[in-house]
Amino acid sequence: METIEKIKQQIAENPILIFMKGSPKLPSCGFSSQASQAIMACGEKFAYVDILQNPDIRAELPAYANWPTFPQLWVEGELIGGCDIIMEMYQQGELAPLIKEVAAKQSQE
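All residue numbers refer to position in the chain's written sequence, counted from 1. Note on the predicted model: pLDDT of at least 70 is required for a residue's local features to be given, and 80 or more for side-chain atom pairs to be given and counted; whole-chain, interface and lining totals, by contrast, use all residues. Side-chain calculation: all heavy atoms of the structure are included, whereas hydrogens and water are not.

Caption draft 1: Local environment of the nonpolar core. Ile16, Ile18, Ile39, Leu73, Ile86, Leu95 and Ile99 are the most contacted members of the largest nonpolar core, which totals 18 residues. Every element with two or more residues in this core is listed here: strand E1 (16-20), helix H2 (30-41), strand E3 (72-75), helix H4 (83-91) and helix H5 (95-108). Ile99 has contacts with Ile16, Cys42, Glu44 and Val75, leaving out every residue within four places of it along the chain. Counting 12 residues, the second-largest nonpolar core is a separate cluster that includes Ile7, Leu17, Phe19 and Leu61. For our purposes a nonpolar core is just a set of buried Ala, Val, Leu, Ile, Met, Phe, Trp, Tyr and Cys residues, chained together by side-chain atoms within 4.5 Å. Between buried and exposed lies partly exposed: a residue is buried under 20% and exposed over 50% of the maximum accessible area for its type, with that area taken using a 1.4 Å probe on protein chains only. Every helix listed is a DSSP run of H or I at least four residues long, and every strand listed is a run of E at least two residues long, numbered separately from the N terminus. Residue contacts are counted whenever heavy atoms from the two residues lie within 4.5 Å of one another.

Okay, structure coming up:
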């Protein structure tokens, strides 16, 4: 499978998905750590892709997403943004309602 197809499939199959360095429990960079902590604080399940284990995705995703850095949070197929945007949304109380709404939709399907 082509890398871009793999990325599209991951985004399509996971309504809440973060592309990050490492894993939420063992992040490999400060930005990925902050972003995954904020998402975990919302209390819902989410998927992640460790780009350090997937160098093809690490190379291709910035061009596909038109976003140069990691982490990248995708919700329902839309790029939300990176660490700064995730943290800003979290601090302003916007992240949890978004994550909870998407998770609630999934549990109804």
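Caption draft 2: Highlighting the sheet that holds E1. Here a strand pair is declared whenever DSSP counts at least two bridges between the two strands. In space, the four strands of this open sheet follow the order E2-E1-E3-E4, with mixed pairing throughout. Unpaired on one side and paired on the other, strand E2 (47-50) and strand E4 (78-81) mark the two borders of the sheet. Taking the axes of each pair of neighbouring strands and ignoring which way they run, one obtains an average angle of 25° across the sheet. Here E3 runs beside E4; their pairing, made up of three bridges, is antiparallel. Directly across from Leu73, in E4, lies its bridge partner Gly81. Only the stretch in contact is used when a helix axis is fitted, and all axes are lines through C-alpha atoms; the angle between N-to-C directions ranges over 0 to 180 degrees. Together, E1, E3 and E4 form the strand contacts of H5, whose direction differs from that of E3 by roughly 45°.

Caption draft 3: Main features of the pattern of salt bridges. Whenever Lys or Arg places a side-chain nitrogen within 4 Å of a carboxyl oxygen from Asp or Glu, that contact is recorded as a salt bridge. Following the criterion strictly, the structure yields five salt bridges and no others. With a closest N to O distance of 4.0 Å, Glu5 and Lys8 form a salt bridge. Here Glu5 and its partner Lys8 are both found in helix H1 (residues 3-13), three residues apart, which amounts to about one turn of the helix. Residue Lys105 is joined to Glu101 by a salt bridge in which the shortest nitrogen-to-oxygen separation is 3.9 Å. Linking Lys105 with Glu101, this pair stays in helix H5, spanning four residues, or about one helical turn.

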